[in-house]
Amino acid sequence: IKLWDHCRAHPGEGSVVTYLHSKGSFHAKPENELLRSFLTRGAASEECIGAVLNNNADGDDTTCDVCSSRFSPLPHPHTSGNMWTARCSYVSQLHDPRTFENEMNKFLSAVYNGKSRREKDSALARIGASRFAYEHWVHCHPSIKPCDVYAHPTFVWGYPKPGQVPSKDDPFLM
């Protein structure tokens, strides 16, 4: 929330924010460690920061609004694990994160009005509602230009398996 407030106060093109958190740290499992490491490395990488600042050494226009280790349009536009770097000029246009989950849940109820609880529950991840709203929030604006730093096809979304993404000691495959 403070990140959004910061971007609303500083929407200039040179203002960039990075969102990191302790994904899965309360549950010590190898898959949580692998995803957390992968997400942190990507969001904090020179490549992501350069992409949102348009600092490509080759002079190409690779500018994007939000950069993460792996952006996925499936099952809704998001970054699994929700860690990213973004330009404030984009973030300042987003819905208030304090009300976004509620708005997505209202949308789900309207679209699935009269449907069974099972049908509604299966739609949560597909549209980015309920607990999935926070991963969807930064990618919800229609003008978004997302990018990622790991373009290998072995991992698209969810929790990666060993070998699908580089471990913390291996370089990214770009």
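### Quick notes on the side chain of Ser69
When you line up the elements, Ser69 lands in the loop between strand S2 (66-68) and strand S3 (84-87). The buried category is assigned to Ser69, whose relative accessible area is 0%. A distance of 2.5 Å separates the side chain of Ser69 from the backbone oxygen of Phe38, its partner in a polar contact.

### A look at the side chain of Arg87
Following the sequence through the fold, Arg87 ends up in strand S3. Here Val52 takes part through its backbone oxygen, which lies 3.0 Å from a polar atom of the side chain of Arg87.

### Here we look at the sheet that holds S2
Strand order in this open sheet of four strands is S1-S3-S2-S4, and the pairing throughout is mixed. Of all the strands in the sheet, the pair left with one neighbour each is strand S1 (16-19) and strand S4 (146-148). For this sheet, the mean inter-axis angle between neighbouring strands, taken without regard to orientation, is 20 degrees. Sheet topology places S2 next to S3; two bridges connect them, and they run antiparallel. Within S3, the residue paired with Val66 across the bridge is Ala86. Running over the sheet, helix H1 (residues 2-9) touches S1 and S3 and is turned about 175 degrees from S1.

Thresholds, definitions, all that
- Residues numbered from 1 in each chain as written.
- Predicted model: local features only at pLDDT ≥ 70, side-chain atom pairs only at ≥ 80, totals over all residues.
- Heavy atoms only, no water.
- Helix = DSSP H or I, 4+ residues; strand = E, 2+ residues; numbered from the N terminus.
- Buried < 20%, exposed > 50% of the residue type's maximum accessible area, 1.4 Å probe, protein only.
- Polar contact = N/O pair within 3.5 Å; in protein donor to acceptor, adjacent residues only side chain to side chain.
- Pairing = 2+ DSSP bridges.
- Axes fitted to C-alpha atoms, helices over the stretch in contact; angles between N-to-C directions.
- Contact = heavy atoms within 4.5 Å.

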